[in-house]
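One-letter residues, chain by chain:
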Amino acid sequence: MSGRREEIAANLDAVRRRIRDACTEAGRPEDDVALVVVTKFFPVSDVRILADLGVTDVGENRHQEAEAKAAECADLGLRWHFIGGLQSNKAAAVAAYADVVESVDRAKLVGPLSRGARARGAEVDVLLQVGLDPPGSDHRSGAAPADLPDLARRVVEADLLRLRGLMAVAPLGEDPRTAFARLADVHRELVREHPGATVLSAGMSGDLEEAIACGATHVRVGSAVLGQRPAVQ
């Protein structure tokens, strides 16, 4: 285990340095961007190493795996981010353990998330996932920018859901800086209507620098910290 800890620690230091350097390059304070480590398919032992190394936020893509890990790691005080595609019939269950749901892309999810938050008796932070692909493309999920005002209103009106901002993934085959620049424009419009929605979750292992240059407040990094994902069992 010591070898695994050393590997994760070295990778984590490198990613934190990349974030600091990108902030400096963008003229932002070095601590301006939060790191969410994506632990999908990695064991609970890795999550515990991350917590011991000072990681406070972890992200998961799949409900069943996330639910089990959150329960097993309840003693660590981590903030759990659900960042995967979300089915409406699983949304209430996700709200039972996720502190942040980053993938709200349609109105059908709002009611179940609110019910789950009420059952839990705790607020859940919500990010609206916006699609950056060209119209008609189905490569990545996400709401169309034109649909965000109504979706934001529904979240704001729901019990125990807090609208905190936006999440997006750079489209395949496009310069991520161009895509993230569009995202920054969309985010400014959202914040104009909802001043508390200041979170911008964008950037992953391969494009976190471009995201930070365009104003990302959170980056979601998996492989650069934990290595190549294990094969699905």
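Presented here is a report on the structure given in the accompanying data block. (Residues numbered from 1 in each chain as written. Predicted model: local features only at pLDDT ≥ 70, side-chain atom pairs only at ≥ 80, totals over all residues. Heavy atoms only, no water.)

### Some thoughts on the overall build of the protein
Scanning the protein for helices and strands turns up nine helices and eight strands. In summary, the protein has a C-alpha radius of gyration of 17 Å against a globular reference of 17 Å for 233 residues, a match within 12%. If one aligns the C-alpha atoms of the protein with their principal axes, the spans along those axes are about 50 × 40 × 30 Å. Counting only residues that meet the buried cut, the protein has 49% of its 233 residues in that class. Counting contacts in the protein only where the partners sit at least 6 residues apart, residues at least 24 apart contribute 59% of the total. Entry remark: accessible area of the protein is about 10,900 Å², with carbon and sulfur atoms responsible for 48%. Positive and negative side-chain charges of the protein, numbering 29 and 35 respectively, have mean locations separated by a distance of 3 Å. (Helix = DSSP H or I, 4+ residues; strand = E, 2+ residues; numbered from the N terminus. Rg over C-alpha atoms; globule rule 2.2 N^0.38 Å. Buried < 20%, exposed > 50% of the residue type's maximum accessible area, 1.4 Å probe, protein only. Contact = heavy atoms within 4.5 Å. Areas by Shrake-Rupley, 256 points an atom, 1.4 Å probe, with all protein chains shown as cover. Lys, Arg positive; Asp, Glu negative; His and termini not counted. Charge placed at Lys NZ, Arg CZ, Asp CG, Glu CD.)

### Regarding the pattern of salt bridges
Here the structure, examined in full by the defined rule, presents 23 salt bridges. Across the pair Asp57 and Arg79 runs a salt bridge whose closest N-O atoms are separated by 3.3 Å. In this pair, Asp57 is assigned in strand S2 (residues 57-60) and Arg79 in strand S3 (residues 79-82), connecting sequence segments 22 residues apart. Owing to a relative accessible area of 11%, Asp57 belongs among the buried residues under this scheme. Each of Asp57, Arg79, Glu123, Asp125, Arg162 and Arg164 takes part in one network of salt bridges that share partners. (Salt bridge = Lys/Arg side-chain N within 4 Å of Asp/Glu carboxyl O.)

### What about the nonpolar core?
Counting residues in each nonpolar core, the largest one holds 68 residues, and the members touching the most others are Ile19, Leu113, Leu128, Leu161, Leu166, Leu183 and Val225. No other element matches the six residues that helix H1 (residues 2-25) contributes to this core. Dropping the residues within four chain positions of it, Leu166 is found in contact with Leu127, Leu128, Val130, Leu148, Leu183, Val186, His187, Leu190, Val199, Leu200 and Ser201. Counting residues in each nonpolar core, the second largest holds five residues, with Val100, Leu127, Val169 and Val199 among its members. (Core = buried A, V, L, I, M, F, W, Y, C linked by side-chain atoms within 4.5 Å.)

### So, the packing of H1 against helix H2 (residues 44-52)
The description of two packed helices rests on the angle between their axes and on the distance between the axes. Across the interface, H1 lies against H2 with an axial gap of 10 Å and an inter-helix angle of 55°. The angle between the axes of H1 and H2 places the two elements in the oblique class. In the packing of H1 onto H2, the handedness of the crossing is right-handed. On the side of H1, the interface is formed by Arg4, Arg5 and Ile8, while H2 contributes Asp46, Ile49, Leu50 and Asp52. (Axes fitted to C-alpha atoms, helices over the stretch in contact; angles between N-to-C directions. Parallel < 35°, antiparallel > 145°, perpendicular 65-115°, else oblique. Left-handed = near helix turned anticlockwise from the far one by under 90°.)

### Describing the packing of helix H4 (residues 88-95) against helix H5 (residues 110-120)
Interhelical geometry of H4 versus H5 gives an angle of 25° and a closest axis separation of 7 Å. Classified by the angle their axes make, H4 and H5 are roughly parallel. As for the relative orientation of H4 and H5, their crossing is right-handed in sense. Contact with H4, carried on its side by Ser88, Ala91, Ala92 and Ala95, involves Pro112, Leu113, Gly116, Ala117 and Arg120 of H5 and no other residues of that element. Of the residues that constitute the contact of H4 with H5, the class distribution is six nonpolar, two polar and one charged. (Nonpolar A, V, L, I, M, F, W, Y, C, P; charged D, E, K, R; others polar.)

### What to know about the pairing of strand S4 (residues 100-104)
Residues in a regular strand project their side chains so that they alternate between the two faces of the sheet. With five of five residues buried, S4 is to be regarded as a mostly interior element. In terms of strand pairing, S3 meets S4 through two bridges, oriented parallel. Directly across from His81, in S4, lies its bridge partner Val100. Following the chain from S3 across H4 to the adjacent parallel S4, one finds a crossover that is right-handed. The pairing of S4 with strand S5 (residues 124-129) spans three bridges and is parallel. Each bridged residue has a counterpart across the sheet, and for Val101 the counterpart in S5 is Val126. Of the crossover connections in this fold, the one passing from S4 over H5 to the parallel S5 is right-handed. (Pairing = 2+ DSSP bridges. Right-handed = clockwise from strand over helix to strand, strands pointing away.)

### Focus on H4
Listing the buried residues of H4 in full gives Ala91, Val94 and Ala95. Along the long axis of H4, the arc covered by the buried residues comes to 90°, so they all point the same way. Buried residues in H4 make contact with helix H3 (63-72), S3, S4, H5 and S5. (Arc of directions from axis to C-beta.)

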